Amino acid sequence: MITKDKLNLISKELDYDIVSKLFNKYEVNNINRACAVFATISIECNFKLIRENGNYSVKSILAVFPKYFKTEAEAQPYARDAQKLFNKVYANRYGNGDEKSGDGYKYRGAGYTQLTFKDNWKAFAKDINKSLEEVESYILTQEGSLESTLWFFKKNNIFIQADKENLLQVRKLVNGPAAHNFKLFNEVYNKYKKVLNG
């Protein structure tokens, strides 16, 4: 299904041996699944290893986190301070401790699909037989980043939606009900499908 040449047409960033090993492990065994994974990674981070940035302006904080900030005055102390911001907005959620624990920043998004929250990190660690401490560095490697994406797809039944080419549902399961960038995701998915079918 995927050759080195075809993978290079999709991304020169990805290592063929890592992709082959992990696609086999997570049963990415058809073109729809592969395209859903590649299109997701492309849209989320353009195949770059990143952590959730958090360098938000006051205006961006109000737009992205309206539940936590109602006024510019409330948002101002958190502007351009990712650690402070994530410790607030991710506190007491999905296994994270309170604001003072530092879990919000520590377990902010990482990997190609921005795995977030301590509970998700712990579940990922358990399922791949690594400690939480090992996962903290593993997820910042290409192999760990890709594995966290494939694990998330499998855990959340996203591959089932990919099999049916229910692309809107794929996007919603990855990125939430708003399905941000769905039009672009659809275009990229179809572009990659042509490459893999070629």
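Residues numbered from 1 in each chain as written. Predicted model: local features only at pLDDT ≥ 70, side-chain atom pairs only at ≥ 80, totals over all residues. Heavy atoms only, no water.

1. Details of helix 13 (residues 182–197)
No. 1: When the terminal C-alpha atoms of helix 13 are compared, their 22 Å separation across 16 residues agrees well with the 22 Å that a helix rising 1.5 Å per residue should span.
No. 2: Those residues of helix 13 that fall on the buried side of the exposure criterion are Phe185, Val188, Tyr189, Tyr192, Lys193, Val195 and Leu196. Viewed end-on, helix 13 has its buried residues packed into an arc of 160°, placing them on one side of the element. Facing away from the buried side of helix 13, by more than 90 degrees, are the exposed residues Lys183, Lys194 and Asn197.
No. 3: Contacts made by the buried residues of helix 13 are with helix 1 (4–10), helix 3 (31–45) and helix 12 (167–175). (Helix = DSSP H or I, 4+ residues; strand = E, 2+ residues; numbered from the N terminus. Expected span 1.5 Å × (residues − 1). Buried < 20%, exposed > 50% of the residue type's maximum accessible area, 1.4 Å probe, protein only. Arc of directions from axis to C-beta. Contact = heavy atoms within 4.5 Å.)

2. Brief notes about the nonpolar core
No. 1: Counting residues in each nonpolar core, the largest one holds 50 residues, and the members touching the most others are Phe23, Val37, Phe38, Trp121, Leu146, Leu150 and Tyr192.
No. 2: It is helix 3 that provides the largest number of residues to this core, a total of ten residues.
No. 3: Residue contacts for Tyr192: discarding those within four places in its chain leaves Ile10, Cys35, Phe38, Ala39, Ser42 and Phe47.
No. 4: Membership of the second largest hydrophobic core comes to 13 residues, among which are Val58, Phe65, Phe86 and Phe117. (Core = buried A, V, L, I, M, F, W, Y, C linked by side-chain atoms within 4.5 Å.)

3. Topic: helix 10 (residues 142–155)
No. 1: Here helix 10 is 14 residues long and its end C-alpha atoms lie 20 Å apart, about the 20 Å a rise of 1.5 Å per residue gives.
No. 2: Counting buried residues along helix 10, eleven of its 14 residues qualify, which places the element largely inside the surrounding structure.
No. 3: Buried within helix 10 are the following residues: Gln142, Gly144, Ser145, Leu146, Glu147, Ser148, Thr149, Leu150, Trp151, Phe152 and Phe153.
No. 4: Elements that come into contact with the buried residues of helix 10 comprise helix 2 (16–25), helix 3, helix 8 (118–127), helix 9 (132–138), helix 11 (158–163) and helix 12.
No. 5: Taken from the residues just after helix 10, Asn157 is the one with a positive phi, measuring 55°.

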